[in-house]
Amino acid sequence: MNLPLKPNETNATAHHLYSDAYDWTNQCVKCGYCLPACPTYESMGVESASPRGRINLVKMAAEGKIDFQKDLAEPIDLCLGCRACETACPVGVPYGHILEAAKEAIENSPSSNQKNKMNKIKKLALVHLFPYPKRMNRIGRAVQFYQKTGFSKLIRSSNVLQKVSPALAHLEQALPAIESSSKRIRTGTIMPAKGETKLKVAFFTGCIMDSMMSRINRLTIELLTLAGCEVILPENQNCCGALHSHQGETEQAKALAKRNIQAFMQSDADVIVNNAGGCGASLLEYGHLLADDHEWAGAARAFSEKSKDISQILHQLGPLPFTEEWQGIVSYQDSCHLRNVQKVQMEPRLLLQSIPGISYVEMEGFDRCCASGGIYNLLHFDESMKILDGKMKNLKETKATTIVTVNPGCQMQMSIGIQREGAANEMKSMHLVEILAKACGLD
Amino acid sequence: MEKEALDDLRQIIPDDRMFLDLAERYCYSYDASFGEYLPEIVIQPKNAEEISEVIKLANTHKIPVYPRGSGTSLSGGPLPVKGGMVIDMTLLRDKLIIDRENMLAIVSPGVITANIHKKAEEAGLFYPPDPSSSNVATIGGNLLENSSGPKGLKYGTTKEYVIGLEVVTPTGEIIRTGGKTVKNVTGYDLTRLIVGSEGTLGIVTEAIIRLIPKPQSKQTFVAHFNHLIDSGHAITSILSSGILPSALELMDNACIRAVESYRPSGLPLQAEAILIIEIDGHPLAIEEEINKCADICKAEGASYVKIAETEEERQTIWSARKSVSPAITQMGPTKISEDATVPRSQIPAMMDRLNNIREKYELNLVVFGHAGDGNLHPNIITDKRNITEMKKVELAVSEIFEAAIELGGTLSGEHGIGTLKSPYMEMELGITGVNMMKKIKEAWDPNNILNPGKIFPDKGQTRVVLVT
């Protein structure tokens, strides 16, 4: 019988992983209850694509039995990070923490300089784009220019993107029409509540949401004020750092977290609201991310405790003053990070069902990841599409004409799914905020 | 693996279903028991013909082969203890036919057991064996390990339901045993021999399983006892009163405390035992039976009895039982889970013996289980990095088995022998009994290809060795 080995002293990465995550991996009793919850185990069918397999591989790496790059990197990279396994686990293994510790270790392991092309794109986005609101906005404006000028039609008809990268081509088509920046509500603004002020909230704008989906942000703020919130948009807020954490760039994630904590704690808001499941999960975990940082731990915990999803706030303050009836069948695709990390499941459904005239139908496998997974659909296009196509089959069975999500990544992924099905004329994907705003006559 | 063998294997299994890389091999090196053995190769066949060819090749090149379902085994069933080849059976899942007229299901081995439950119930039928792992475990694994769960008391184990099989033998032939008839007395009952053979006598590639009418209704109640001995008497009184509950579960004081500190729900910390009893059948009959059971518990000294009035209350009662496993793993990272089983009249005596073992070795030993059928689950919670304690665990495990056998019981009620209990086989069966079984194995599998190292102890092995 093999005993756990002490990691080789010369292998500093294994040593780090051992102290960071070994005890967590040891909590796994290998019962396999996580297997049916895992979308990549279902689509790939091998144990290394399952949570139990991945946890065991992290353990093996920490024990110095396998190589970080050669053996561990791919199975970890192929994980969507949807964390559905955590909800299925009977013993509460903190899979998300294990995953991030593994990613950080892989990133820092000695042989990590053998990066492929995709990793360079990843790095470019993570290090040089997302953390900088101005750069993101410039891109947003460029995309808007691209969409407005008819250049996009030219690109689409020439099929050039498809030849370069099917992943990018899909994403290009899934991008929402970007609203003119003149409509964007800028940070530093305070929007008063319409009528009585029931709650003071600080709004987290996000990086992609702010630049590419500023329309959804604007509608979120309008809905909040309509529901009785005074909405503060703290200045100097920035990207939540979720994608950095997920890609093993923990130090950068910590730096971003600290900037956000500083920006938000200056406002005297009761609640910090966001409208993106992935960002929300990341904000909720600042307490964990900075737990070892004596200077920041307390503030990080306080920040996390105040963080709420838009659906929680609107449900709490509801009912919304709807003015329009909705025609047609609507279904809801859970955001994994909203469902599995923030544990918000009922509020978006109840809000949807409260819209006058709506027919709400639950889709089989609503709790399964759509395989957008941050930028998973860019990094692992084929695997992602395999999972998405299965999801679309279930969605079609509901006969829904609208699929609603609460996360930009999920929303775009569902748009990609609709395109792949050739169903763009009969079906659309919307953010929860968009459909609620429309029913409230805000659009 | 030798290059020649590998080249031959490539003629049978395509590269994308054959894994030689270290990561994937490590992923098939474990199950839900204790132990880790690295296979040389993992393959994922898709049909009986491929498996047949692979087994013939394994005989030619003398490669050990281990069939594996979802790897939920608690006895080490699929562990590749002698290296060689793990056959992952999870891709064989294309067939799940419910034959309503004949009340049967015809299934591929990789089908998840819960899917059989679901499909059978949709047809108004019922497949009773319900291992806790049924949402994950494959039916192939269930029937080779002869699994069961809380419903074993009334409905028995998997073997009660298997009436026909398609099997690849240890030498690579494809045979059929039994058939679709409930009555079948033709020749030796090879079906029964293979079911529970733990993958040492064949690889099941299709099974015909019997279904029964779905019970119309069920009711559940819970009883608390301040004295363990009273709960034992309540169990025997209920069972001798002519009532056969569909489940009769027991939690001891250590379990109660563990569950309460894991997820506080107002369980009685002073109670020495909690019984959960479920009765299924016709609504009128169970109404009468459940009241009678509750009366018996009160008469035997239960301090509290509660019959669930709503489905929500029923779930609350069961959630305490279902929290046992997660609750006790909070006490330590390593869980040695046993399933020694005694005749149900001996449950109080067995509980007593287990208490003594707990005190003697000063171990975290908790007991829960399917008391109605005498199937107890003594669990020792420890840390395998603590060598001194692990040595004590080895001794305690031996004593648990000795106690079970002395009380007229058996080493395993539902998990199988695997690697963890093989050293004790002679204790239960005697040397001649074990030799008879070995003769069968040698006749079926002359090259000892299929799942070697299981059921039978290595020479001179008389107790389990958990750490070296």
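Residues numbered from 1 in each chain as written. Chains lettered and ligands numbered in written order. Predicted model: local features only at pLDDT ≥ 70, side-chain atom pairs only at ≥ 80, totals over all residues. Heavy atoms only, no water.

*Asks:* Help me understand the overall build of chain A in this model?
*Replies:* The helix and strand inventory of chain A stands at 25 helices and nine strands. Burial statistics for chain A: of 443 residues in total, 60% are counted as buried. When the accessible surface of chain A is summed, it comes to about 18200 Å², and 52% of that surface belongs to carbon and sulfur atoms. (Helix = DSSP H or I, 4+ residues; strand = E, 2+ residues; numbered from the N terminus. Buried < 20%, exposed > 50% of the residue type's maximum accessible area, 1.4 Å probe, protein only. Areas by Shrake-Rupley, 256 points an atom, 1.4 Å probe, with all protein chains shown as cover.)

*Asks:* I'm lost on the interface of chain B and chain A in this one. Help?
*Replies:* Buried accessible area, meaning the area lost when the parts come together, often serves as the stated size of an interface. Between chain B and chain A, the contact holds 39 residues from the first and 30 residues from the second. At the boundary of chain B with chain A, total buried surface from both sides reaches about 2800 Å², with 56% on carbon and sulfur atoms. Three residues stand out in chain B for area buried against chain A, namely B:Tyr30, B:Glu36 and B:Arg385, and they jointly supply 21% of the buried area on that side. The interface formed by chain B and chain A contains three salt bridges. As a salt-bridge pair, B:Arg385 and A:Asp23 come within 3.5 Å of each other at their nearest N and O atoms. (Contact = heavy atoms within 4.5 Å. Buried area = accessible area lost by both parts, 1.4 Å probe. Salt bridge = Lys/Arg side-chain N within 4 Å of Asp/Glu carboxyl O.)

*Asks:* Help me understand the environment of B:Ala403, please; the structure alone is not making it clear to me.
*Replies:* All names here are of chain B. Along the polypeptide, Ala403 turns up in helix H14 (residues 387–406). On the accessibility criterion, Ala403 (0% relative accessible area) is buried. Expressed as a C-alpha distance, the spacing of Ala403 and Ala340, which sit 63 residues apart in the sequence, is 9.0 Å. Apart from the residues within four sequence positions on either side, Ala403 is in contact with Met350 and Arg353.

*Asks:* Explain the packing of helix H13 (residues 214–226) of chain A against helix H25 (residues 432–439) of chain A here, please?
*Replies:* For any two helices packed against each other, one specifies the inter-axial angle together with the distance between the axes. Residue and element names in this part refer to chain A. Running from N to C, H13 and H25 point in directions that differ by 55°, and their axes come no closer than 9 Å. In terms of orientation, H13 lies oblique with respect to H25. The interaxial crossing formed by H13 with H25 has left-handed handedness. When H13 is examined against H25, the residues Arg215, Ile216, Leu219, Thr220 and Leu223 are found in contact with a partner set consisting of Val433, Glu434, Leu436 and Ala437. (Axes fitted to C-alpha atoms, helices over the stretch in contact; angles between N-to-C directions. Parallel < 35°, antiparallel > 145°, perpendicular 65-115°, else oblique. Left-handed = near helix turned anticlockwise from the far one by under 90°.)

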